[in-house]
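Fold and contact review
This is what each chain is made of:
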Amino acid sequence: MKVLIDTNIILDVFMKREPHFEFSDEVLRLCPGQLTGHITTNQTTDIFFVMRRFGKTSEFVKEILKKLTDNLKVMDVTVTDVKNALDSSINDYEDALLAFGSKRYKLDYIITRNLDDFIGSPVPAISPQAFLEQFYSA
């Protein structure tokens, strides 16, 4: 199964954000192996920015990004994704980019805690908890 891991899931894990850490961590631990997880190139800059802003050192964040890119596939963002995102009904532009990149890569789900941000997405969004319940019941 191929999924996009939203930035909030990654931040939950590496910043140990409660009460979200447990389910987000379990999703990431499935990659690679049982899941093929993806992130976009622009997510790496977002992760770097947020973690630095919250006091993590550049060296620490770079190590996190190295681990992520060893375990997740990094998707490019194309001009077609940009145009589709700009024309979409998805209100948040960054989330629209994730949605249309996910569609182009033929991903099964976008795993996120911000389900409302993906209303109108061509790829279904699912919470980490709901995803894990579905994944383990299959």
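This text goes with the structure placed above it.
Since we're looking at a predicted model, the values are computed, not measured.

The next thing to look at is the sheet that holds strand β1 (residues 2-5). Pairing within the open sheet is parallel, and its 5 strands lie in the order β3-β2-β1-β4-β5. Unpaired on one side and paired on the other, β3 (73-75) and β5 (125-126) mark the two borders of the sheet. With 3 bridges joining them, β1 and strand β2 (residues 36-40) adopt parallel strand pairing. By the bridge assignment, leucine 4 is partnered in β2 with histidine 38.

Right, let's get into the side chain of threonine 44. The topology assignment puts threonine 44 in helix α3 (residues 41-53). Judged by relative accessible area, which is 19%, threonine 44 ranks as buried. For threonine 44, the side chain forms a polar contact with the main-chain oxygen of threonine 41, separated by 2.6 Å. Those residues in contact with threonine 44 that sit more than four places away from it in its chain are Ile39 and Leu65.

This next bit is on the packing of helix α2 (residues 21-29) against helix α7 (residues 128-137). Interaxial distance between α2 and α7 falls to 9 Å at its minimum, and their mutual angle equals 50°. One way to sum up the angle between α2 and α7 is to call them oblique. Where α2 crosses over α7, the handedness of that crossing is left-handed. Along its contact with α2, which presents Phe23, Ser24, Glu26 and Val27, the element α7 presents Pro128, Gln129, Phe131, Leu132 and Tyr136. Looking at the contact of α2 with α7 residue by residue, the class counts come to 6 nonpolar, 2 polar and 1 charged.

This part covers unusual backbone geometry. A cis amide bond links glutamate 18 with the next residue in sequence, proline 19, at an omega value of 5°. Residue cysteine 31 is joined to proline 32 through a cis peptide bond whose omega torsion reads -20°. Mapped onto the elements of the fold, proline 32 is located in the loop between α2 and β2. Phi at lysine 16 takes a positive value of approximately 50°, unusual for a residue other than glycine. Here lysine 16 lies in the loop between α1 (7-14) and α2. Here the phi dihedral of lysine 106 falls at roughly 55°; this positive angle occurs in a residue that is not glycine. Along the polypeptide, lysine 106 turns up in the loop between α6 (93-104) and β4 (109-111).

About the cut-offs
Residues numbered from 1 in each chain as written. Predicted model: local features only at pLDDT ≥ 70, side-chain atom pairs only at ≥ 80, totals over all residues. Heavy atoms only, no water. Pairing = 2+ DSSP bridges. Helix = DSSP H or I, 4+ residues; strand = E, 2+ residues; numbered from the N terminus. Buried < 20%, exposed > 50% of the residue type's maximum accessible area, 1.4 Å probe, protein only. Polar contact = N/O pair within 3.5 Å; in protein donor to acceptor, adjacent residues only side chain to side chain. Contact = heavy atoms within 4.5 Å. Axes fitted to C-alpha atoms, helices over the stretch in contact; angles between N-to-C directions. Parallel < 35°, antiparallel > 145°, perpendicular 65-115°, else oblique. Left-handed = near helix turned anticlockwise from the far one by under 90°. Nonpolar A, V, L, I, M, F, W, Y, C, P; charged D, E, K, R; others polar.

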